[in-house]
Structure formats: C-alpha cells, structure tokens
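# An overview of the molecular structure
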Amino acid sequence: QVQLVESGGGLVQAGGSLRLSCAASESIIGLNAMGWYRQAPGKLRELVAAITSGGVTNYAEFVKGRFTISRDNAKNTVLLQMDSLKPEDTAVYYCSVGLWGGRYYPSNYWGQGTQVTVSS
C-alpha cells in the first residue's frame, strides 16, 4: 500500500511562489496517474492538477497558467509548482494516486496534506 507524504507548504504573499512535493513510498512508474487536490475551510475538496504515467497533464481552470505539475520517476516524487499565488489559493493541499480515463479518478490513497496560506 503506497504511502504519500506532502511537503513544501507555508505562508507566502500574494504574487509569490511555492513548490509542493509529494514523496511516494514506492515507485510511481507503475501508477497510472497522480493528482493534487486542495480543500479550503468550509469548502469541498477540489482537483487542482493531475498527471498521467505518460506525462499528460490536466489543470483546473482556476490554476491554468499559474501552476505546473510534474513527476520525477527516479525520485518517486510528484511536484506542484505554484506561481502568481492568490489569497483564494489558501487551502490544505493533498497528493493522491488515481486513474486517468478522460478525467482524473482518485483512489483511496491520500497524503496527510500540507497547508498553503497566501496573504494579501
């Protein structure tokens, strides 16, 4: 059973950048897809970005052009580069393992989350 550990969250001013990292306990080469979700207080968890084993990426409209998802198979890591951050990006960000079938389908494997806070 794969374990996921997120890191890289923190406090940043609007317009700043953060890079989140998700380290998997086993090789990610065989994983069909991985994704980043976020959940703000009082809101539902929402998909931010996903990446397939072949490197195909998919982004939510609200982060297109600002966030970049990538994967480093050698390090069993999925990264989320977040630029031009806005206060509304404030949330707990979660890494997940899933499947890609026209859209991203998360599995039951989630990390513990990392807090991102963007001040205005």
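Here, the structure is the one placed above.
Reference entry: report on the structure contained in this document.

Rules and cut-offs
- Residues numbered from 1 in each chain as written.
- Predicted model: local features only at pLDDT ≥ 70, side-chain atom pairs only at ≥ 80, totals over all residues.
- Heavy atoms only, no water.
- Helix = DSSP H or I, 4+ residues; strand = E, 2+ residues; numbered from the N terminus.
- Rg over C-alpha atoms; globule rule 2.2 N^0.38 Å.
- Buried < 20%, exposed > 50% of the residue type's maximum accessible area, 1.4 Å probe, protein only.
- Lys, Arg positive; Asp, Glu negative; His and termini not counted.
- Charge placed at Lys NZ, Arg CZ, Asp CG, Glu CD.
- Core = buried A, V, L, I, M, F, W, Y, C linked by side-chain atoms within 4.5 Å.
- Disulfide = S-S within 2.5 Å.
- Polar contact = N/O pair within 3.5 Å; in protein donor to acceptor, adjacent residues only side chain to side chain.
- Contact = heavy atoms within 4.5 Å.
- Pairing = 2+ DSSP bridges.
- Axes fitted to C-alpha atoms, helices over the stretch in contact; angles between N-to-C directions.

## Looking at the overall build of the protein chain
- Per the secondary structure count, the protein chain includes zero helices and eleven strands.
- Across the protein chain, helices and strands are ordered from the amino to the carboxyl terminus as β-β-β-β-β-β-β-β-β-β-β.
- Computed over its C-alpha atoms, the radius of gyration of the protein chain comes to 13 Å, within 12% of the 14 Å expected for a compact globule of 120 residues.
- Taken along its principal axes, the extent of the C-alpha atoms in the protein chain is 40 × 25 × 25 Å.
- Sorting the 120 residues of the protein chain into buried and exposed places 43% on the buried side.
- Averaged over its 10 positive side-chain charges, the protein chain has a centre that lies 2 Å from the centre of its 8 negative ones.

## Points about the nonpolar core
- Counting 30 residues, the largest nonpolar core has M34, W36, L80, M82 and Y93 as the members making the most contacts within it.
- Elements that contribute at least two residues to this core include exactly β3 (18-24), β4 (33-39), β5 (46-52), β7 (67-72), β8 (77-82), β9 (91-100) and β11 (114-119).

## Quick word on the state of the cysteines
- All told, the structure shown has one disulfide when counted by the stated rule.
- One disulfide bridge connects C22 with C95, the sulfur atoms lying 2.1 Å from each other. Across the S-S bond linking C22 and C95, the dihedral sits near -75 degrees, which makes this disulfide left-handed. Placement of the pair is C22 in strand β3 and C95 in strand β9, with a sequence separation of 73 residues.

## Let's talk about the side chain of D89
- Along the chain, D89 falls in the loop between β8 and β9.
- Of the polar contacts made by the side chain of D89, one reaches the side chain of R66; its length is 2.7 Å.
- Separated by 2.8 Å, the side chain of D89 and the backbone nitrogen of K86 make a polar contact.
- Beyond its immediate sequence surroundings of up to four residues, D89 is in contact with R38, R66, F67, S84, V116 and V118.

## Observations concerning the sheet that holds strand β1 (residues 4-7)
- Strand order in this open sheet of four strands is β1-β3-β8-β7, and the pairing throughout is antiparallel. Two strands lie at the open edges of the sheet, namely β1 and β7, each paired on one side alone. Recorded for the sheet is a direction-independent mean angle of 15 degrees between the axes of neighbouring strands.
- The pairing of β3 with β8 spans six bridges and is classified as antiparallel. From the neighbouring strand, A23 faces β8, where its bridge partner is T77.

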